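# Secondary and tertiary structure notes
One letter stands for each residue in the lines below.
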Amino acid sequence: MHYFSVRKLWKFGWFCLLLQSVISIGYGAEMVDSQKACRSLDNELIRMEQRRLGEQLQEWDRQYQIDGVSGVSDEVYDQLLAKWQQGQRCQNLPDTLTQPLQPKTERLTKHPIPHTGLKKLKSEEIAAWIAPRHEVWLQPKVDGVAVTLHYENGRLVSMISRGNGSEGLNWRDKADFIQAIPKTISTKQFLVLQGELFWKLNGHVQNADGGKNARSKIAGWLMRKDQPKQVTNDIGIFIWAWPDNSVAMNRQLSELNRLGFELAQRYSHPIANYQSAAKWRDYYYSAPMPFATDGIVLKSFPSPPASAWQANQNSWSVAWKYPLKSVVSEVVDFTFRVGKSGAVNVIANIEPITIDDKQVSKIRIGSLNSWKQKDVLVGDKIQLTLSGHGTPFMEQVIWRRELRQYPDTSSLENFHSLSCLSYTPDCAPQFVARLAWLGKQLKIRGVGEKTWKAWAEQYGLSTLLGWLSPYWQDSLPKNKKTINALSQLQKTSMQPIVNWLKGLGIPLEIGQLNKISTIEKLNERESVEALGLSEKRKLALNRWLAEPEIQKALYTLQELYALQELHTLQELDISH
């Protein structure tokens, strides 16, 4: 394999300067130096992107608060928000987003008690938050849609979406079709409960299964314009706050259970310290659960009286999210890797990030065509995760720079399965990849891609089997490394013909290749017919055999085996 840097291919020279200014946005990752991040904002294009990002964040806020859906996951939103806030602080500008305006519609309903929201803390901040508090309770942070349930005289009068925390959409008509929500309860008091509607999952393991788009399913069901046709048991309700209740937490949980909300009692735990919280967090991350979760919630008891609750202001409850499954980074450069068959793989070099304790600074995008279809360029922000085998891969492009500058890759489109069978400067990547593959099939030890590249560029190795020539071997510098390499080259004469042909890239499958015992068989019509090739495979073989460089290599192999046979006969004569 060989690499091309996009910096060598970029058409617009001034843009190369801009490439140096990109900023890492890794939440939970290694952040770039803040001074460097601020210096990048001296560029007007970067400031323009900063403004665009703020506008996009506000649109996502609007979708979430008004429509009940989200264009990105919480993980991605939090990371992009942190990036935007950092840029705002660099410019001494406000780092709080303007809240979206609620539509003027009669459907909008004011919450009897505001939703306060949760501040998200990092792992290193949790112990300090717990330490001064006398009574702390822990619950899993259910991943769903937040609502207010309002009861009067024992009857459910409204179910209000979180909205902006002060007012939201009244989904009371949808509540009739959710079996898990009691429409009547055995108490006549004015009762306000806050909780999470969730999509029921059977034995869901967050660490292995992820979010399963559970929140989107709930939001889609709630936002549908037509009324449901039947009651569903796919939706559950988890009550996480009873604002106007100051009795002991154990009594609250027992009363909720009696009223028909039993999950809060089952999944609430008193904790004493950081270690206890961490243990429960690890448990809920890996244990089978009936719903998706994205962390845990810690609550200081007692909470302030309901009259003191304000939208998006909460000092007595915090969220401790799970380790990031999806991490956001920014593309800083591309490397184009040309393989032996001429296929081009695109590698994105990114601002370094950490996923599950794995350091990642580059990511494989795919083939040249795949890269073009994904439309990812330098400066774009991409969402990364780990595959089941622990390999990082790009999930999606979540933010594209407005100015799209595409590198010129036309020269990379000239490579194919029969190109670069000999060395030229333009062919160096594929030719060297061919030599490396051949060396691997012949079990040549200690001679890697760098050595083949040096031999081709500095010592005139211009054909696939030119290294067999004693004259070429004599041109190499006389040192220990060369002596070891030459001893490996000389051992290749003992390799079976199958390994040579496979190394030269013959377009046959291994079962077909094993039927070829000599080079001469490739020129015998009967022998080729006996391989049972498809018309497509037969055409590929004929094209391969017609290449002058392949013919030259096969002739060299015939001579090599003829000479080897002669030596064998001579040894037999001497022994007799």
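See the structure printed just above.
Quick summary incoming for the structure in this document. These numbers were taken from a predicted model, which means no experiment stands behind them.

### Comments concerning the nonpolar core
- Membership of the largest hydrophobic core comes to 42 residues, with the highest contact counts inside it found for Trp452, Trp455, Trp467, Leu501, Leu504, Trp544 and Leu554.
- When residues of this core are traced back to their parent elements, those giving at least two are helix 14 (428-441), helix 15 (449-458), helix 17 (480-490), helix 18 (497-503), helix 21 (535-546) and helix 22 (548-575).
- No other element matches helix 22, which puts five residues into this core.
- Within the second largest apolar cluster, 37 residues are counted, among which are Leu108, Phe177, Ile181 and Met249.

### Considerations on the state of the cysteines
- According to the stated counting rule, one finds one disulfide in the structure shown.
- Covalently, Cys420 is tied to Cys427 through a disulfide, its sulfur atoms 2.1 Å apart. Linking Cys420 and Cys427, the disulfide has an S-S dihedral of approximately -75° and is accordingly described as left-handed. Residues Cys420 and Cys427 agree in their burial class; the two are buried.

### Description of the packing of aromatic side chains
- All told, the structure shown has 18 aromatic pairs when counted by the stated rule.
- Ring geometry for Phe334 against Phe336: centres 6.4 Å apart, planes inclined by 35°, an arrangement best described as tilted. Judged on exposure class, the residue Phe334 and its partner Phe336 are both buried.
- An aromatic cluster is present here, built from Phe198, Phe238, Tyr267, Trp280, Tyr283, Tyr284 and Phe291 joined pairwise through their rings.
- Above the plane of the ring of Trp129 lies Arg133, whose end atom (NZ or CZ) is 3.9 Å from the centre.
- Stacked on the ring of Trp437, the Lys or Arg Lys340 has its end atom at 4.5 Å from the ring centre.

### Quick notes on the environment of Leu57
- Residue position: Leu57 is located in helix 4 (residues 44-67).
- For the pair Leu57 and Asp78, spaced 21 residues apart in sequence, the C-alpha separation works out to 9.9 Å.

Conventions adopted
Residue indices begin from 1 for each chain and proceed along its sequence in written order. Given that this is a predicted model, residues contribute local features only at a pLDDT of at least 70 and side-chain atom pairs are listed and counted only at 80 or more, while totals for whole chains, interfaces and linings are drawn from all residues. Processing note: side-chain calculations cover all non-hydrogen atoms of the structure and skip hydrogens and water entirely. Side-chain atoms within 4.5 Å are what join buried Ala, Val, Leu, Ile, Met, Phe, Trp, Tyr and Cys residues into a set we call a nonpolar core. Only protein chains enter the accessibility calculation, which uses a 1.4 Å probe. A residue is then buried if its area is under 20% of the maximum for its type, exposed if over 50%, and partly exposed in between. Counting from the N terminus, the helices are DSSP H or I runs at least four residues long and the strands are E runs at least two residues long. Cysteine sulfur atoms that come within 2.5 Å of each other are treated as a disulfide pair. When two rings of Phe, Tyr or Trp (its six-membered ring) have centres within 6.5 Å they constitute a pair, described as stacked for plane angles under 30 degrees, edge-to-face for angles over 60, and tilted for the intermediate range. Comment: the charge-over-ring label is applied if NZ (Lys) or CZ (Arg) is within 6 Å of the ring centre and within 35 degrees of the ring normal.

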